[in-house]
Every structure is written in C-alpha cells, then in structure tokens.
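Notes for the structure review
Now for the letters of each chain:
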Amino acid sequence: MLVDMKDNSGSESEPLLQMKGLRIEGLSENGWQEIVCGIDLELKRGEIIGLIGESGAGKSTIGLAAMGYARDGCRITEGDIIFDGIELRTASEEEKRKLRGTRISYVAQSAAAAFNPAHRLLDQYVEGPVAHGLLSPDRAKEKGRALYRSLDLPDPENIGERWPHQVSGGQLQRMMVAMAMSCEPDLIIFDEPTTALDVTTQIEVLKTIKEIVVDRNVAAIYVTHDLAVVAQMADHLMVLRHGKLVEVNSTGQILKSPQQEYTRNLLDARSRDEKTPSQIPNPQTLLSIDSVTAGYGKGPDILQDISILVERGQTVAVVGESGSGKSTLARVITGLLPTRSGAVSLEGELLPAELRKRGKQQLQKIQMIYQLPDVALNPRQRVRDIIGRPLSFYLGLQGKQREQRIFELLQQIELPESFIDRIPDELSGGEKQRVCIARALAAEPELIICDEVTSALDSIVAKAILNLLQRLQNELGLTYLFISHDLDTVASIADQVVVLYAGRIAEQGPKSAVFQPPFHPYTRLLLSSVPEMRQGWLEETLSSRETQAGIAREVKITEQGCPFVERCPVSIDDICAHSRPPIHTTTASGHTFACQHSAEALLEDSK
Amino acid sequence: MNNIIKILLSAPFSAKVGMIIITFYLIVAIFAPLIAPYGEYYLATPIAYEVWSSDYPLGTDNLGRDMLSRLIYGARNTLGLALTITVLAFLLGGILGMTAAALGGWVDQILSRVNDVFMAIPSLIFALLILSIFGTTIPYLIGTIVILDATRVFRIARATAMNVAVMDYVEVARLRGEKLGWVIRKEILPNIAAPLLAEFGLRFCFVFLFLSALSFLGLGIQPPTADWGSMVRESAALIAFGDITPLIPAAAIALLTVAVNFVVDWMLHRSSGLKDVS
C-alpha cells in the first residue's frame, strides 16, 4: 500500500489538499460563533504552506481541519476539505481514522506532552505503523533507527530505547518530528513546533523539519506566529486574523512587499529596534550581586561566582539558553533559593539569604513578573483583588483610596476601568501579562525582575508589552532585571547585558559592547541563531562554523575548565578543558568576558 | 444568587432527582416534630410489632413505638450526626492537608506519615476498639469517626493542594510576604474547593453508612434515641415472617446514598472541566 501511494506522486499538478470556503464555528458563552470564516487553501505535493497570525486567528483550527478534525466545542459548518480526491467532510470516521497517522500526521507544540512518559521512545515510534498494519514491529523499529541515523540524532541505534525524560528538550522535539514520519505520510501538519524553544534548540529542530519535509518531498502545513521562522520553511504564506484571510502570497513576495497593513505590523514586530541606552547623570547602584554561588539540595553549583551590578533606572538583561541558570539567579535575588556563598544587597543594604528572614520593606522593593501569565494569576481572583492586594498589604490602602489607585494602575497598563471585575479567564494572554505588570507596580518596587515575560506571547503582543515596560521605565524610573533567551527582545530593551552559560558569566557589559565584535564565542553562537526575516537564512546559519559546533549540544555544568569547550569552534586543545578561562576587560566601560583568547584574537576572528 | 439558580437548572436529570431527594430528607429532618404523628420515645401501644394500620402507618417496633415517627426522628439524628462528623473531619483533614502541601519539607513528612499510620488500621476494628474501651457516648463516637475520616480528607486535600502550591501565583503570594493562613485561605482553597466539595458528598455517605453499621452492631447511637441503623437491628427478626418493615429504614439509608452520589457525580464532572460534546 505504501508503494502504491508513492507511485501516485507523479501527478504533480493535482493539488494534494484543497479547502474551499471552509467555515468553522466554536461554542462560546454566547452560543456558536464563527472562528474560521471562509478560507480557501490549496496545497500540492512537496509544498509547504505557512499559516501565520496571532492567537485566535484560527490557524490551529484550520490545521486540524486538514485532517477532517474539529476539536471539542468546534464544528465545521461549511466548505469542502478534499485530500487526494477524498472529501473528508463526508468521509466516515473509519475512513478518516485510516488516513490520520498514515497519510496525514500532526506534530504538536510540546513534545513533552506528546510523548507518553511511561513508554520507550522507539516503542512509541512504531505504534502508528504497527497499529495501522503497515509494518511488522521489528521492521518498523529498523526503519525508525534508520531515520534517527539520517537525522543525526546522537547514538541512533540506542536512543530509541530511552524514556522521554532521558533525552534533551531539543532531541525530544526532533524525535516527535521523526515520529510523524513513521508511516511516511503525504502531509504533515506542524503546529508551532519550535515556539518556546531556545534559539539554538530552535535551529536544531528547524534543521530536522527541513530535512524531513524538503528532502522527502512531503507536503506540510506550518502553523506559527513567528514570521521569521516560517520564512525559512514555507513556499507560500497565508496571513490570518480573526479567522479571516488577510493576505496570501509566495514567501518572498510577502517579505519583500507586503500588501496589507497587518502583514507589515507582523514584519515590524520582529525587526530589531534598538533602544538607545538611557543616560543617567550620576549612576547609583541599586542591586549588587557579589560572587554568588548557589545550587539546589545537595546538587552541584548551578550558579558559580556570579557578580552583577544593576544601576538604578537601567535595564540589565540576563541571557542564555535554558539550563544556564537564569531563573536560578532570579530565585536567589528574591530569596527563594538561599545562596551557598556570596552576597546580594539592595541599595547598599545586605539582603538576608532566606526569604522568611527578609522584612516586609525588603520584599516590597523587589517584585517579579513571570513567563506564563496563565499560572501567575490566581484564576479565582478578580483583577480588583489581584492588583489590590499589594496596595493594602504594603501601603495600607483601603476602600475608596484603594479603588482609585487600582484605576490609576489599570490606566497605566492601558486597560479599561471595566476590567476591574474580570477574572483571569476573561482576559487574553497579553492582557493577563499587563495585569501581572500592574500587580508588580502596585507594590511600588525599586526593582522588577522580568522572567521571560514575552516568550509565551505572540510577536505583536510581545512587542506591545515591551513598549509598555519601556514607557513605564521612562515615566517611573523603574529598574529591570530582564531574563530572556530571545536576543531580539534583549536588544530592544536592555542597557546592560549579562551572558550566562552553565551558571557562569561568559560576558557582561554595556549592550553595545556585548553585541559588537569582539564577540565571546557563546554570544556569537546566540547571535547567529536568532532567525532573520529573510529566506535562506537557515541554510547560511547551518553551514556556519558556530552553528555546526554549537547546536544540538546540551549545557553541561563543569567544575574545571570552560563549560563551553565542547561547543566552541575556537577552543584550544588541552587548555580550555582544564583551566578556567581568565577574565578580560576591554576598553569599553565595564565590559568583561571570560575566555582563553584575548580580545584582539577574538576581534580578529570575528572578521 | 441568580448564578447559582442557573447552575442548578443546568444540572442533568439524575442530579436534579438527587437534589430533590436530599431536600426532602432535610425538610423531614428539620420539621420532624411537626410531621411525626407520635413522639420519638412515645410508647403508643403495649403491642410490640403491630402490623401496618391507619393508626400506625408502618406498624410499631419491639417496644410498641410508632415506626413512622421513629423513622422521621431517625432522619434527624442520623443525618445531623453524620453531617457534624463530616464537617469536623473536613476541617481537620482539610486544614492539615493544605498546610502540609503549602509548607512541604519536614512538616509535610511528619503529617503524612502520622496520617499513614492511622490509615493502616482497619477503620471498623479501630472504631470498635476505641468505643468498647471508652464507652459509646456521642462525643467519643464523633471523635473516633472524625479522626478516621480526616485521614482520607487529608490525602485528597494534600494531593490537590500540591498541584496548586507549585503555581506561580502562590509563589507571588509568598514573595509578597503573606502569612501561611492567607496563602491557604485565599490562594489554595478557592482552587481546590470543587474537588473537596465533591469529596464532601462522598465522605458524607461513608460516614452515614459507617454510623449505621456501628448502630447495627450496637456501638453507635444508643437507645432510646431513634436511629436507622439500630432500627434495622431491632426489627430484623421480622424479615423471617415476611414483613418488609425492617427494610424501610435500610431503604432510607440506601436512597439517600444514591441521591448524594447523583449530585456528587455531577459536581465531579463540573470540576473536572470536561465539556459535553453535542
């Protein structure tokens, strides 16, 4: 049967998938409402189409409809979905079941949620072909290992015998993409497969997807909100908004000459717009972190000898991949994780290492904003209680005064006063994050720690949040410690940048010094991994020396030598692995980096 | 208020039936003195085990007391006691369970292990032992069953609260410097209220059955207080003569259990967030 299928692929001109006038309704409190309003789509074999838009645009719903599937609470009301001559809307469940997994497969956003943690990876890989009766278990396992080999997964012969928790996040994501290929489908639907990944991991996964889709002539629907990512993949782009088509064109055309205002906004949201460093007349140290070492339980030191100075009114960004210790640093500053050695002081006053030893005043001065606004807001509290609690707790505001202040805060975060009685479920992702910002502001803090505050948001929404944070800083003179893995975000908001790798500071200094040559090799890898809004970027990056050495490797914490040595394209044999890199200071004010190479050598190398 | 009515109206048929039955029991229990034809202890006739008649709709018991009146007062005693015990068990188990989840560490370890020890003892044997040593007074009865039931409540409260305690909003409250009581009351409790409420209904049934079982064994509510479990015991011999009277208090127990379970099922379904696919 598999053989038959591949033989048909000669008829290139016939569309593989056709959607005509597709309308889908979703059940809301006010009854059925249209969430996809008449979409046409045509996809030929070997083509990739990108569906792009912010959340609520109906991209995922359309993606699922390509399998003839509607989520619970959704129904397809009108239109045709024709897959290789089969009308999926009238096809029986049995017919659709036979297609799904074998000829059309689906890759979800989170590999961690898509794999069953109780089964080995290869066993899950063979489940599809075996259940559909296409291959015997042994034959399927053999093919799986061959696919792992061709995708350059480490130890391809045995990696399938591992459990999902035993491989890194990037590897798991790649295994999931591989699993979608287990029945050699004609069409794969990718639903945000790289969202919320580090830039370096993203490249690793994009490479796998590209290898699978382009090299094997599979058609794909790629759903994402990130235009720069989909530009590397898709032949055509469909820009969607509120279930309606905004614009459809070839990828090159959309990037070069977008026809619609909304598409231009999407393009702008990714473009770097650099913040000019704020000039403070007499800088005053607000937060000082002095040779801090910390770790969990009896484990190794997750942070080693970290020293950072944060000046009042500035934004200091801490960047690095996951596992580099960024969030641990935030936990140390807030007192959730006591230090093993070293000191944290605020306004020159030493902060007790443990949270419960800190006074109310000290707690008030440091506030946090989290990555996932969904779990940072209590779903059972109204906005009034969420924002109001710090007001009464720290400032003793009650009744009218408190209400008045809540309204002022709502105004500052650009939300209408009527939102005061809403619960978090009635807010969008961006609005929730704004409420989190208001809650932090309500305490009237000195320092706000922003932990990946934009990485769970769509690019347009994220940009609006960054603008808001920037405006609030200008108006109120706030100080931010901004934790992020997204260098675009960092470039647009930071004054100072700290590059963290495996719990050590690789490089730190003014943004201009860090983001310009001479580069620390790790900074260079991070910078070269940020997707650019042009076609062909992925291929260029993949062939670069940094990427070849640096991607698809895990962050390892080491006691001796330089932790980056295995991923470094310029490492020096015998030296880097054994002796700690010396810390160099360049001419730029306060710019330091840790490397065996001198600034001159790295500058020479950057050319 | 309007909201509550709307939710109640949206309940499925079985839950509505359950609610109507529960309401009926409550009315009977609350207005027992007005409804019952005779007093709780009133010896209506010198004839024991009188058959059903217009004077005694369900006949009389072994001492010649009116069965129907005893049944109605029995609702009051058994229901009231079961409710008191369940509420106390939830207060004890719930507060300790949430504290264990919120604090974690050694507090959690100690509370959980002590709880495990109590759970390891078979509950009926434990209750028989305590009640035969200390006597079958109402305070001991309540105390024993509360402790036994609180262990179950502790487990579910701790497990559900653990899921909430790791949320960022609980961390926010801790970073703000909130006290433990506030964190439990404002951040954790509202988010685990639904499963706890469902568990409350189920627990109530078990307490009710347990009480009846103890009464049947002669260690529960003591005569002359009317109680369904002991009523079954006192008139059990009648079954041998083809009289169904002893089955009536038993049926009253069964019906209430079924009704409560109907409502609990619906609440569990609601709290699980599953949507009906139409």
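Within every chain, residues take consecutive numbers counted from 1 along the sequence as written. Chain letters start at A and ligand numbers start at 1, both assigned in the order the entries are written. Per-residue local features are limited, in this predicted model, to residues with pLDDT of at least 70; the limit for side-chain atom pairs, both in listing and counting, is 80 or more; totals at the level of whole chains, interfaces and linings are taken over all residues. The side-chain quantities take in all heavy atoms of the structure and omit both hydrogens and water.

1. Topic: the interface of chain A and chain B
Any two residues whose heavy atoms approach within 4.5 Å are treated as being in contact. Counting from both sides, the interface comprises 22 residues of chain A and, opposite them, 17 residues of chain B. Summed over both partners, buried area is the accessible surface (1.4 Å probe) that two parts give up on being assembled. Summed over both partners, the interface of chain A with chain B comes to about 1800 Å²; 57% of that surface belongs to carbon and sulfur atoms. If you sort the residues of chain A by the area they bury against chain B, Tyr370(A), Val375(A) and Arg389(A) come out on top, with a joint share of 28%. Any carboxyl oxygen of Asp or Glu that lies within 4 Å of a side-chain nitrogen of Lys or Arg is treated as forming a salt bridge with it. At the junction of chain A with chain B, the criterion picks out two salt bridges.

2. Some words on the confidence of the model for chain A
Averaged over all residues, the pLDDT of chain A equals 86, while 95% of them reach at least 70. On a scale of 0 to 100, pLDDT captures the predictor's confidence in every residue. Across residues 1-11 of chain A, where pLDDT falls below 50, the model places eleven contacts with residues more than four positions away in sequence or in other chains.

3. So, the confidence of the model for chain B
Model confidence for chain B is summarised by a mean pLDDT of 87, while 97% of its residues fall at 70 or above. What the predictor reports for the complex is a pTM of 0.83 with an ipTM of 0.80.

4. What about the pairing of strand E19 (residues 496-501) of chain A?
All names here are of chain A. Counting buried positions along E19 gives five out of six residues, so the element sits mostly inside the fold. By the bridge criterion, four bridges tie strand E13 (residues 315-319) to E19 in an arrangement that is parallel. The residue bridging Val316 from the neighbouring strand is Gln496, located in E19. Two strands form a pair only when DSSP identifies at least two bridges running between them. The numbering of helices and of strands both runs from the N terminus, where a helix is a DSSP run of H or I of at least 4 residues and a strand a run of E of at least 2. Note: E19 against strand E20 (residues 504-510), six bridges, orientation antiparallel. The partner of Val497 across the bridge, within E20, is Gly509. The loop that links E19 with its antiparallel partner E20 comprises two residues; one of these, Ala502, has a positive phi angle of about 50 degrees. Partly exposed describes any residue whose relative accessible area lies between the buried limit of under 20% and the exposed limit of over 50%, with all areas from a 1.4 Å probe on protein chains only and scaled to the type maximum.

5. Side note on the state of the cysteines
We call a pair of cysteine sulfur atoms a disulfide whenever their separation is within 2.5 Å. Across all of its chains, the model carries zero disulfides over all chains by this definition. Counting only cysteine sulfurs, Cys450(A) is the nearest neighbor of Cys436(A), a cysteine outside any disulfide, at a range of 11 Å.

6. Digging into helix H8 (residues 199-215) of chain A
Residues and elements named next belong to chain A. Multiplying 1.5 Å by the helix residue count minus one yields the expected span of that helix. If you check H8, its first and last C-alpha atoms are 23 Å apart, about what 17 residues at 1.5 Å a residue would give, namely 24 Å. Summarising burial for H8: 13 of the 17 residues are buried, a large majority. Immediately downstream of H8, the backbone of Asn217 shows phi near 60 degrees, a positive value.

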